[in-house]
Amino acid sequence: MRENLHPAYPTAKVHCACGATWETRSTGGDLHLDICSNCHPFFTGKQKLLDTQGRIDRFNKKYANTPKAPTKPKTPPAETKKAAVAKGEKTARPKAEKAAKAAKVEKAVKVAEAAEAEASKE
């Protein structure tokens with residue numbers, strides 16, 4: 001490892017504009033701050049929201065009498081096919097779909113029988 005690689009890290013005094021001081025460590029030396037946690041409004045609880053030029057009042061005045069959007073009545077969700085099957089109800093399948101499936105099965109059976117017949121000849 002190389003020696004003297006890291007900078008010096010001595011203690012440093014921190015001074016705030018409000019008069020608060022404390023010690024910490026820094027490579028840059030002493031610090032002089034404008035604001036710290038002792039005097040910042042967020043930490044002290046004295047934070048004020050500024051209403052510059054009455055903007056909030058103008059907004060409230062402008063949009064005070066606007067009509068509210070109508071609410072849609074809630075309708076029950078449509079019953080799905082899976083829900084009907086879960087209840088035990090039979091679902092109607094078109095006859096054409098059933099016929100097509102039956103034709104596929106018959107064709108597969110014929111192909112299997114033809115393959116079996118060829119295998120027995122040899």
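Above this text sits the structure in question.
Because the structure is predicted, anything quoted here is derived from the model rather than measured.

### Section: the overall build of the protein chain
Here is step 1 of the chain: Looking only at helices and strands, the protein chain has four helices and three strands in total.
Here is step 2 of the chain: The order of α-helices and β-strands along the protein chain, N terminus first, is β-β-β-α-α-α-α.
Here is step 3 of the chain: Across the 122 residues that make up the protein chain, the buried fraction comes to 6%.
Here is step 4 of the chain: A separation of at least 24 residues holds for 0% of the contacts in the protein chain among residues at least 6 apart in sequence.
Here is step 5 of the chain: For the protein chain, the exposed surface amounts to about 12,200 Å²; the carbon and sulfur share of it is 56%.

### Brief notes about a nonpolar patch on the surface
Here is step 1 of the chain: Together, Trp22, Leu31 and Leu33 make up an exposed nonpolar region whose accessible area comes to about 230 Å².
Here is step 2 of the chain: One can find Leu31 in strand S3 (residues 31-33).

### A short note on the pattern of salt bridges
Here is step 1 of the chain: Counted according to the given criterion, the structure contains one salt bridge.
Here is step 2 of the chain: Of the charged contacts in the structure, one is a salt bridge between Glu23 and Lys13, with a shortest N-O distance of 4.0 Å. Taken together, the residues Glu23 in strand S2 (residues 21-25) and Lys13 in strand S1 (residues 11-16) connect sequence positions 10 residues apart.
Here is step 3 of the chain: A relative accessible area of 55% means that Glu23 is categorised as exposed.

### What about the sheet that holds S1?
Here is step 1 of the chain: One open sheet accounts for three strands, arranged S2-S1-S3; its pairing is mixed. In this open sheet, the two edge strands, each paired with only one partner strand, are S2 and S3. The average angle at which neighbouring strand axes cross in this sheet is 25°, direction not considered.

### Here's the deal with the pairing of S2
Note on strand geometry: in a regular strand, side chains alternate between the two faces of the sheet.
Here is step 1 of the chain: When S1 meets S2, the two strands line up antiparallel, connected through five bridges. The residue of S2 that forms the bridge with Lys13 is Glu23.

### So, the packing of aromatic side chains
Here is step 1 of the chain: For the structure shown, the criterion picks out one aromatic pair.
Here is step 2 of the chain: Relative to Tyr63, the ring of Phe59 lies with its centre 5.0 Å away and its plane at 50°, an arrangement referred to as tilted.

Procedures and definitions
- Residues numbered from 1 in each chain as written.
- Predicted model: local features only at pLDDT ≥ 70, side-chain atom pairs only at ≥ 80, totals over all residues.
- Heavy atoms only, no water.
- Helix = DSSP H or I, 4+ residues; strand = E, 2+ residues; numbered from the N terminus.
- Buried < 20%, exposed > 50% of the residue type's maximum accessible area, 1.4 Å probe, protein only.
- Contact = heavy atoms within 4.5 Å.
- Areas by Shrake-Rupley, 256 points an atom, 1.4 Å probe, with all protein chains shown as cover.
- Patch = residues over 30% accessible without salt bridge, like charges linked within 9 Å, V, L, I, M, F, W, Y side chains within 5 Å.
- Salt bridge = Lys/Arg side-chain N within 4 Å of Asp/Glu carboxyl O.
- Pairing = 2+ DSSP bridges.
- Axes fitted to C-alpha atoms, helices over the stretch in contact; angles between N-to-C directions.
- Phe/Tyr/Trp six-rings, centres within 6.5 Å; stacked < 30°, edge-to-face > 60°.

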